[in-house]
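A closer look at the structure
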Amino acid sequence: MKKIIQLFIYLIPIVGFSQIKTDVLVIGGGASGVMAGIQAARLGVKTTIIEEKTWLGGMLTSAGVSAIDGNHHLASGLWAEFRTALIKHYGTASALQTGWVSQVMFEPQIGQKILLDMCSKESNLKVLLHTQYSQIIWQNNTWVVSLKGKVLGTIQAKIIIDATELGDVAALLGTKYDLGMDAQSTYHERVAPKQANDIIQDLTYVAVLKDYHQPQKPISPSATYRKEDFICACEKLCPDKQMPRLWDCEKMKTYGKLQNNLYMINWPINGNDFYVNMIEMNAEQRKQAIDKAKEHTRNFVYFMQTELGWNTLGLADIFDTIDSLPMIPYHRESRRIKGLARINMNHLEKPFEQPEPLYRTGIAVGDYPIDQHHGKNPQAPDLYFVPVPSFNIPLGSLLPENVHNLIVAEKSISVSNLVNGTSRLQPVVMEIGQAAGVLASLAVQNNVSPDKVPVRKVQNILVNNKAYLMPYIDVSPEHPYFRAIQKIGATGILKGEGKNNKWSNETWFYPDSTILLKDFLKGLKPYYPKLKLPTFTESEMSCPLSYPQLTSVFIHISPKHKVHLPSDGTITRGELSYIVDKVLKPFYQKVNYQGFLEHEKINKKP
């Protein structure tokens, strides 16, 4: 009854309207769509989310993947707000650490409730559940979207954000995109296959089980059930004890342990991962593919109940579905639009050494390895946790190169196939959604297409909302110089150091360290190419920057600046960021979507 009441509350204001007018229409109420809607509404524009299912949250909730992967030390913007709400609900941060796969785990229905609560607080936001689009046309400088489902009629919107799971809106509107794995020759990524192919990642139809503490009747397996398909999901029955990545069975069960005797079953090793490329299928073909994925998961549950002896486990009755399985599968991969910028694995590994300085345009950060699930497709390469440093996502990845007034979020942004293996994870997608909301609101307020919105305006709003532009693990939003370090980091005047430490992918800024004078001057040069520097000796250039030297540099850049700095002593990187941001304001020099400054475009074509 509670689920029905929630849906009814959201629909009452809309029933009977033949036409709805909004500034921003978010199609898809998943992980990115909810955050996009909340952020756009908070910036004062009328925003509407339509979601075809009865829950918000997508992979976070409707797909049952309620275990956050990564960004545990990069709690940013709305992702941090969502995590804080979970902590408040469960009492402590440690109460979220129920399974070993994640530091943030929660019951799907609780995540859904929190997202509904977050949306309900925004007066500029309407949420239409169980509602789909049937047609989208551009008419009189406005998107006109025909609706079906619980809400009938049309919506007129200035900007559309595609937050669908598979990038269906972008495809419908003619956006060019890629699908499958890139050849090594395309981006020269070190682990890419030699030849391109159409293989995407396995999806998973998750099951959430409950321990009822008394024997349950096993669910009915399908006619295709074979225990051999699952016998090496864990160690107990597997004849090959030397098989790579063979886990203890109890370890497998507690991998996704949730609160209140629940277990999230999202097991990639001979478990319920399932291969199908349904992205370009029609609706009926997709339904048939999803039914097969569900069948595979039910067979895995039956195997656990019978062969592994876990007869007190049964499907939990938490989803708004007849079969007690989640509303949607967990899609790991989607279309990848051809955007105004595209990030590949080289940008992740060496962001400051690439021909295009895309790091300058970052709007979301991530720190998970490249994690591609290909266990159910023997033709696919083994890409098991490829280590990379933490990274950021460029704003241009959200903007298709050939369709205006459209922003693309969720997993369909412009990245290489390999990068999708880490950009697809929940916190990154939530941050992408937040950035999409900022971009959409600025486009509406300035009456321009999103591709005409300055990069720095989007970034400035994000950082003012405690969102990371650069993935600096040692500078949290509570740091006194957080905003300055994020902005100066995004200029590249001061750069961080990326490193990989087992499963932990990090980038360090070292705010309490010093910087050599020569390195500081090298960082300044792109922003002040005609700068005539004071004369420094070779010895001075190789020593830490001092306050008197900084004063001298400021005077040469802008003699009108009256800077009063200490007369002696060296300066830390954190202090330097704050002072440079306050005095010179280099962050506000315009950059394009490839990260080039205006005077750099003369010699460096994107």
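Below is a summary of the structure that appears in this document. Note that the structure is a prediction, hence the values are computed from the model and not measured.

Before going further, it helps to spend a moment on the packing of aromatic side chains. Aromatic ring pairs are described here by two measures, namely the spacing of the ring centres and the angle between the planes. Following the criterion strictly, the structure yields 19 aromatic pairs and no others. Ring geometry for Phe 82 versus Phe 106: centroids 5.6 Å apart, planes at 85°, classification edge-to-face. Of this pair, Phe 82 sits in helix α3 (residues 77-90) while Phe 106 is found in the loop between α3 and α4 (108-120), placing the two residues 24 residues apart along the sequence. Summarising the aromatic geometry, the rings of Tyr 225 and Tyr 302 are spaced 5.0 Å apart at their centres and angled 85° between planes, so their arrangement reads as edge-to-face. Of this pair, Tyr 225 sits in the loop between β9 (207-211) and α7 (249-254) while Tyr 302 sits in helix α8 (residues 283-306), and the two are 77 residues apart along the sequence. Grouped by ring-pair contacts, the aromatic residues Tyr 225, Phe 230, Phe 300, Tyr 302 and Phe 303 constitute a single cluster. Taking the ring centre of Phe 509 as reference, the NZ or CZ of Arg 573 above it sits at 4.5 Å.

Let's shift gears to empty space enclosed by the protein. Within this structure, the stated rule accounts for 4 cavities of 30 Å³ or more. Counted as a void, the largest cavity has a volume near 60 Å³. As for the largest cavity, its lining consists of Leu 166, Ile 200, Gln 201, Asp 202, Leu 203, Val 276, Met 278, Ile 279, His 331, Arg 332 and Glu 333. Residue composition of the lining of the largest cavity, grouped by class: 6 nonpolar, 2 polar and 3 charged.

Turning our eyes to something else, we now look at helix α14 (residues 517-524). For α14, every residue scored as buried is listed here: Leu 517, Phe 520, Leu 521, Gly 523 and Leu 524. All buried residues of α14 lie within an arc of 160° about the axis, which places them on one face of the element. Buried residues along α14 sit against α15 (538-541), α16 (547-557) and α17 (573-583).

So, on to the pattern of salt bridges. Applying the stated criterion to the full structure yields 21 salt bridges. The shortest N-O distance in the salt bridge between Arg 42 and Glu 81 comes to 2.6 Å. Of this pair, Arg 42 sits in helix α2 (residues 31-42) while Glu 81 sits in helix α3; the two residues are 39 residues apart in sequence, bridging distant segments of the chain.

Moving on, we get to the packing of α14 against α16. At a minimum axis separation of 12 Å, α14 and α16 run at an interaxial angle of 25°. By the angle class used here, α14 and α16 are roughly parallel. For the element pair α14 and α16, the recorded crossing hand is right-handed. Here α14 contributes Leu 517, Phe 520, Leu 521 and Leu 524 to the contact with α16, which in turn contributes Gln 549, Leu 550, Val 553 and Ile 557. Residue composition of the contact of α14 with α16, grouped by class: 7 nonpolar, 1 polar and no charged.

Below, the discussion takes up the environment of Glu 280. Here Glu 280 is to be found in the loop between β11 (273-274) and α8. What makes Glu 280 exposed here is its relative accessible area of 54%. In sequence terms Glu 280 and Asp 229 are 51 residues apart; their C-alpha atoms lie 28 Å from each other. Apart from the residues within four sequence positions on either side, Glu 280 is in contact with Tyr 177, Leu 179 and Arg 335.

The next thing to look at is the side chain of Glu 431. One can find Glu 431 in helix α11 (residues 426-445). Of the side chains bearing the opposite charge, Arg 83 lies closest to the buried Glu 431, which forms no salt bridge; the N-O distance is 10 Å. A polar atom in the side chain of Glu 431 sits 2.9 Å from the side chain of Asn 71. With residues near it in sequence (within four places) discarded, Glu 431 still touches Asn 71, Leu 74, Ser 76, Trp 79, Ile 363, Ala 364 and Val 365.

This part covers the layout of surface pockets. Its boundaries defined by the atoms lining it, the largest pocket holds a volume of some 1300 Å³. In terms of lining, the largest pocket is formed by 43 residues, of which the most central are Glu 52, Lys 53, Gln 132, Arg 286 and Ile 328. Breaking the lining of the largest pocket down by element, the ones donating at least two residues are β2 (47-51), β4 (131-139), α5 (168-172) and α8. Take the lining of the largest pocket: its biggest share by element is 6 residues, from α8. Here the residues of the lining of the largest pocket sort into 16 nonpolar, 14 polar and 13 charged. Computed from the structure, the second largest pocket encloses a volume of approximately 720 Å³. Looking at the second largest pocket, it is lined by 35 residues, and the ones nearest its centre are Arg 245, Pro 268, Ile 269, His 373 and Tyr 384. In terms of residue class, the lining of the second largest pocket is built from 21 nonpolar, 7 polar and 7 charged.

With respect to topology, 3 strands assemble into an open sheet ordered β10-β9-β12, the strand pairing being antiparallel. Both edges of this open sheet fall to β10 (262-265) and β12 (313-315), since each of them pairs with a single strand only. Put simply, the sheet's adjacent strands are angled 35° from each other on average, direction ignored. With 3 bridges joining them, β9 and β12 adopt antiparallel strand pairing. For Asp 211, the partnering residue across the bridge sits in β12 and is Leu 313. The strands touched by α8 within the sheet are β9, β10 and β12, with β9 carrying the most contacts at an inclination of about 25°.

Attention now moves to the state of the cysteines. Counting across every chain of the model gives 2 disulfides. Two residues, Cys 232 and Cys 238, share a disulfide whose sulfurs are 2.0 Å apart. Negative torsions about the S-S bond denote left-handed disulfides, and the value of about 80° found for Cys 232 with Cys 238 makes this one right-handed. Pair check on accessibility: Cys 232 and Cys 238 agree, each one buried. One disulfide in the model links Cys 234 with Cys 249; its S-S distance is 2.1 Å. Across the disulfide from Cys 234 to Cys 249, rotation about the S-S bond amounts to roughly 85°, and the bridge is consequently right-handed. Here Cys 234 is found in the loop between β9 and α7, whereas its partner Cys 249 is found in helix α7, with 15 residues between them in sequence. Assessed through its relative accessible area of 9%, Cys 249 is described here as buried. What connects to what in the protein, once the bonded cysteines are numbered by sequence position, is 1-3, 2-4.

Thresholds applied
- Per chain, residue numbering runs from 1 following the sequence as it is written.
- Confidence filtering applies because this is a predicted model: local features only for residues at pLDDT of at least 70, side-chain atom pairs given and counted only at 80 or more, and all residues used for totals across whole chains, interfaces and linings.
- With hydrogens and water stripped out, all remaining heavy atoms of the structure feed into the side-chain values.
- Two rings from Phe, Tyr or Trp (for Trp, the six-membered ring) form a pair when their centres are within 6.5 Å of each other. A pair whose planes differ by under 30 degrees is stacked, one over 60 is edge-to-face, and the rest are tilted.
- Helical segments are the DSSP runs of H or I of at least four residues, strand segments are the runs of E of at least two, and each set is numbered from the N terminus.
- Counted as over-ring charges are cases with an Arg CZ or a Lys NZ within 6 Å of the ring centre that also lie within 35 degrees of the ring normal.
- Lining residues are defined by having an atom within 4 Å of a point belonging to a cavity or pocket. Those points lie on a 1 Å grid over the protein atoms alone, cavities being sets where a 1.4 Å probe fits but cannot get out and pockets being open sets with protein on both sides within 12 Å along at least five of seven lines.
- Grid points are joined across faces, edges and corners, and a volume is the space filled by probe spheres set on the points.
- Polar here means any residue outside two lists: the nonpolar Ala, Val, Leu, Ile, Met, Phe, Trp, Tyr, Cys and Pro, and the charged Asp, Glu, Lys and Arg; Gly therefore counts as polar.
- Whether a residue is buried, partly exposed or exposed follows from its accessible area with a 1.4 Å probe, protein chains only, as a fraction of its type maximum: under 20%, in between, or over 50%, in that order.
- Taking the helix axis as origin, the arc is that swept by the directions to the C-beta atoms.
- Two residues form a contact once any of their heavy atoms are found within 4.5 Å.
- The working definition used for a salt bridge is a side-chain nitrogen of Lys or Arg within 4 Å of a carboxyl oxygen of Asp or Glu.
- Throughout, an axis means a line fitted to C-alpha atoms (over the contacting stretch in the case of helices), and angles, computed between N-to-C directions, take values from 0 to 180 degrees.
- To sort the angles, those under 35 degrees are grouped as roughly parallel, those over 145 as roughly antiparallel, those from 65 to 115 as roughly perpendicular, and the leftovers as oblique.
- In a left-handed crossing the near helix is turned counterclockwise from the far helix by less than a right angle, and in a right-handed crossing that turn is clockwise.
- The positive count covers Lys and Arg only, the negative count covers Asp and Glu only, and His and the chain ends enter neither.
- N or O atoms closer than or at 3.5 Å make up a polar contact, with two conditions inside protein: a donor-capable atom paired with an acceptor-capable one, and, for residues adjacent in sequence, both atoms drawn from side chains.
- Strands were regarded as paired on the criterion that DSSP finds at least two bridges between them.
- Two cysteine sulfurs form what is called a disulfide whenever their separation falls within 2.5 Å.

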